[in-house]
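The lines below spell out each chain.
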Amino acid sequence: MISNKVYFNRQTVAQFEIAFGSIAFVCLCWFWYSSSDSLSISTADQIPPVIEHVDQQIQIPKRSAKTQQLSSIPPLNERQFYDLSYVVVTGDSLETIFKKHQLPITELLEILEADEPYLFLDVLRPGDQLRFRVDKVRNRLDAFSRVLDPSKTVSYRRSDDGFVYDEIVIPTSKVAEVTRGKVFGSFYVSASSSGLSDNSVMTITQLLRSSLNFNRDLRAGDHFQVVMERETIDGRTIGKDRLLAARIYSRGKEYGAYLHSDGSYYDSNGSSLVPALLRYPTRQKFRISSHFSPRRRHPVTGLFKPHHGVDFAMPTGTPVLSTGHGRVTRIANHPYAGKYIDIDQFGSYSTRFLHLSKILVTKGQRVQRGQVIALSGNTGRSTGPHLHYELHVKGRPVNPITASIPMLKSIPDSEINNFRLQVADMQKLMVSDESIVQLDSPVTNESQTDQRPDQS
Ligand SMILES: [Zn+2]
C-alpha cells in the first residue's frame, strides 16, 4: 500500500501558513463581496409567485453600467428574472405606472400592440393587480400580466416578434340566486333594496317595459321574483352575473322574461322581448375591406395577429348604429384602436366599434337598436377610413357576418319544449324556499372549457 503522507520541516510549514492565510483572506474577501451581490439578487428572485399588495415604493433597480456588462455573460437562469407586483390606485395609468418603475414606454407600446385585438389593458380600475417580470441580465421587461377577475389573468410575454398575448383561465361554477320582493314606491327602489344591482334592475325594466308600464301599472304590494346566474370560485362570487329569469305580478297578471339558449330573452310563451340584432352596423352596406380572422397579417406591422372584427370601408363621418338594445360600457381612445365604444347587449352579446371620428353616446347610456352612436373615422393605427365592428358572445369574439344571432320573433317548434322546461324550472325555483342553487360544477361547465376567441 502506498502512503501519501508528506513531511514538512518547521520553516516550510510557517511559509505555507502565511501563504495559505493570505490566499484564504483574499478568498474570504472575494466571497463576501460576491455573496453580498448575489444575495441582493436572490432576495429579489425570492419574491413568491403570488400576487400581493406591494406599495408604490418598490423600484426596479436603475439600469447601471454593471448590469449592462453582465449581458454578455451566459446567465444563471434563476438569477435572470425577478418579479414585481403592483396594485393600481386611483389616478394611475399604465404610462404612469411604467414611468414610476423606470420601465421604458417603448416596451409599454409593444405590449399595447399585443393587446390590440383584445383591449384588455385599456381601462384600469383601482385595485387591479399587475405583475412585471424583469429580465435583469438583458435589462428589459420579459412579461407583464393583469388579473382581470378572479377567473382570468391575461399576460404578455416577450418573443422574437415583440410581445405575445396569453391567458390563464380558472374554471368557475355557476349558481342561481333567487331574489324575491314586493313593490313599495318605484320598482327601481324596491328591487334595489331587495339586493339587485342597478344593472339587473335596468335590464329587467328594459325587457318588460313593452308589456308593462312601470310608472302607471305597478301598485304597492305587487311582487317580483328574479333569478340571477352568478359565477363562483370556491363558493365565492366573482362579479360575473347574468339575468336568467324575472317576473312581476301586477294586478293578477304575470309579466315574465326568460333567457333562452340562443342568448336572448322571451316571455313565458316564447315570444321575443328583445328585437333581433342588426347584422350590419350601418344603414347602407359597405364593402368589407378585411374579414374576421383568427390569424391575419396586419396591414401596417406585417405581423400575424387575430382580427376579431370585420372592417367595412366607408367615408369618415358615416353614421354608426348600435346593432341592438343595450348599455354603453366603455368609451376610450387607444393608440392603435383609435376612438372606440363597447356596448353590452342583452343576454349573451356585446359589440365593439373602433377607429371612430366622433362618439355620440356616453358611458352607461342605454341605447336602442338602430340608434346612431358615433360617426366612423380613421383614428388610431389605420390604413384608411373604415369601421371595425366586433360581435362577442359570452365574451368571445365571433364573426359578425356569419354568427347565428337571435333573429327570432318567437321560439320555433323544434325548441319550444326545451324552452318550456327551462321556464318551468325557473318558476319552480322562484316559488321554492331556496335562495341559492348550484347550476353546474367546474368540470361540466362547457363555456369554460375553451375561453379562446372563436376560431370559426
Ligand atoms: Zn379591423
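Rules and cut-offs
- Residues numbered from 1 in each chain as written.
- Predicted model: local features only at pLDDT ≥ 70, side-chain atom pairs only at ≥ 80, totals over all residues.
- Helix = DSSP H or I, 4+ residues; strand = E, 2+ residues; numbered from the N terminus.
- Buried ≥ 20, exposed ≤ 12 C-beta atoms within 10 Å, placed from the backbone.
- Contact = placed C-beta atoms within 7 Å.
- Arc of directions from axis to C-beta.
- Core = buried A, V, L, I, M, F, W, Y, C linked by C-beta atoms within 7 Å.
- Domains from an automatic or database assignment.
- Pairing = 2+ DSSP bridges.
- pLDDT = per-residue confidence, 0-100.
- Expected span 1.5 Å × (residues − 1).
- Axes fitted to C-alpha atoms, helices over the stretch in contact; angles between N-to-C directions.

**With respect to the overall build of the protein chain**
So, point 1. From N to C terminus, the protein chain includes 8 helices and 23 strands.
So, point 2. Counting only residues that meet the buried cut, the protein chain has 29% of its 456 residues in that class.
So, point 3. Partitioning the intrachain contacts of the protein chain with sequence separation of at least 6 by distance along the chain shows that 66% fall at a separation of at least 24.

**Thoughts on the environment of glycine 235**
So, point 1. As for its placement among the helices and strands, glycine 235 is situated in the loop between strand E7 (223-233) and strand E8 (236-250).
So, point 2. On the basis of neighbour count, glycine 235 is assigned to the exposed category, with 9 C-beta atoms found within 10 Å.
So, point 3. As for glycine 235 and threonine 172, which are separated by 63 residues in sequence, their C-alpha atoms are 9.4 Å apart.

**Overview of helix H6 (residues 198-208)**
So, point 1. Along H6, the positions that sit buried rather than exposed are Val201, Thr203, Ile204, Leu207 and Leu208. Each buried residue of H6 lies within a common arc of 160° when the element is viewed along its axis, so the set occupies one face.
So, point 2. Tucked inside the fold, the buried residues of H6 contact helix H5 (187-193), E7, E8, strand E9 (253-259) and strand E10 (265-266).

**Some thoughts on the nonpolar core**
So, point 1. Ranked by internal contacts, the top residues of the largest apolar core, which has 37 residues, are Ile111, Ile341, Phe353, Leu356 and Ala374.
So, point 2. Looking at this core, you find at least three residues from each of domain 1 (65-169) and domain 3 (288-398).
So, point 3. Ignoring sequence-local partners within four residues, the contact set of isoleucine 111 consists of Phe144, Tyr156 and Phe163.
So, point 4. Val201, Phe224, Ala245 and Tyr266 belong to the second largest nonpolar core, which has 31 residues in total.

**Some points on the pairing of strand E16 (residues 326-334)**
So, point 1. In the sheet, E16 pairs with strand E17 (residues 338-345) via 8 bridges, with the strands oriented antiparallel. Opposite histidine 334, over in E17, you have glycine 338 as the bridge partner.

**Focus: the environment of proline 397**
So, point 1. Position of proline 397 among the secondary structure elements: in strand E22 (residues 396-398).
So, point 2. Spatially, the C-alpha atoms of proline 397 and proline 117 are 9.9 Å apart, while their sequence positions differ by 280 residues.

**Observations regarding unusual backbone geometry**
Across the chain, the bulk of peptide bonds are trans and the bulk of non-glycine residues have phi less than zero.
So, point 1. The phi angle at histidine 355 is positive, at roughly 65°, despite the residue not being glycine.
So, point 2. Locating histidine 355 in the fold gives a position in strand E18 (residues 349-359).
So, point 3. Of the residues examined, histidine 355 has 24 C-beta atoms within 10 Å and is grouped as buried.
So, point 4. Of note, lysine 394 is a non-glycine position whose phi angle comes to about 50°, a positive value.
So, point 5. You can see lysine 394 is positioned in the loop between strand E21 (386-393) and E22.

**Some details on the confidence of the model for the protein chain**
So, point 1. Looking at the protein chain, the pLDDT average stands at 80 and 78% of residues meet or exceed 70.
So, point 2. Counted against residues more than four places away or in other chains, residues 443-456, with its pLDDT under 50, gives 23 contacts.

**Some points on the pairing of E8**
So, point 1. In terms of strand pairing, E7 meets E8 through 10 bridges, oriented antiparallel. Counterpart to arginine 230 in the pairing with E8 is aspartate 241.
So, point 2. The turn joining E7 and E8, which pair antiparallel and follow one another in sequence, is formed by 2 residues; a positive phi near 50° is taken by aspartate 234.
So, point 3. One ladder, built from 6 bridges, connects E8 with E9; its direction is antiparallel. Bridged to tyrosine 249 within E9 is glutamate 254.
So, point 4. Between the end of E8 and the start of E9, which pair antiparallel, lie 2 residues, with arginine 251 showing a positive phi angle near 50°.

**Describing helix H7 (residues 413-431)**
So, point 1. When the terminal C-alpha atoms of H7 are compared, their 28 Å separation across 19 residues agrees well with the 27 Å that a helix rising 1.5 Å per residue should span.
So, point 2. Within H7, burial applies to Phe419, Val423 and Met426. Taken end-on, H7 shows its buried residues confined to a sector of 65°, consistent with a single buried face. In H7, the exposed positions that point more than 90 degrees away from the buried face belong to Asn417, Asn418, Leu421, Ala424, Lys428 and Val431.
So, point 3. Its buried side turned inward, H7 meets E7, E8, E9 and E10.

**Re the sheet that holds E9**
By definition, the strands of a sheet pair up through backbone hydrogen bonds, in either a parallel or an antiparallel sense.
So, point 1. Spatially, 6 strands are ordered E10-E9-E8-E7-E6-E23 in an open sheet, and the strand pairing comes out antiparallel. What marks the edges here is a single partner per strand, and that holds for E10 and strand E23 (436-440).
So, point 2. Sheet analysis places E9 next to E10, joined by 2 bridges and oriented antiparallel. Looking across to E10, one finds that leucine 259 is bridged to tyrosine 265.
So, point 3. Against the sheet, H6 engages E7, E8, E9 and E10, with an angle of about 35° to E8.
So, point 4. Together, strand E6 (173-182), E7, E8, E9, E10 and E23 form the strand contacts of H7, whose direction differs from that of E7 by roughly 100°.

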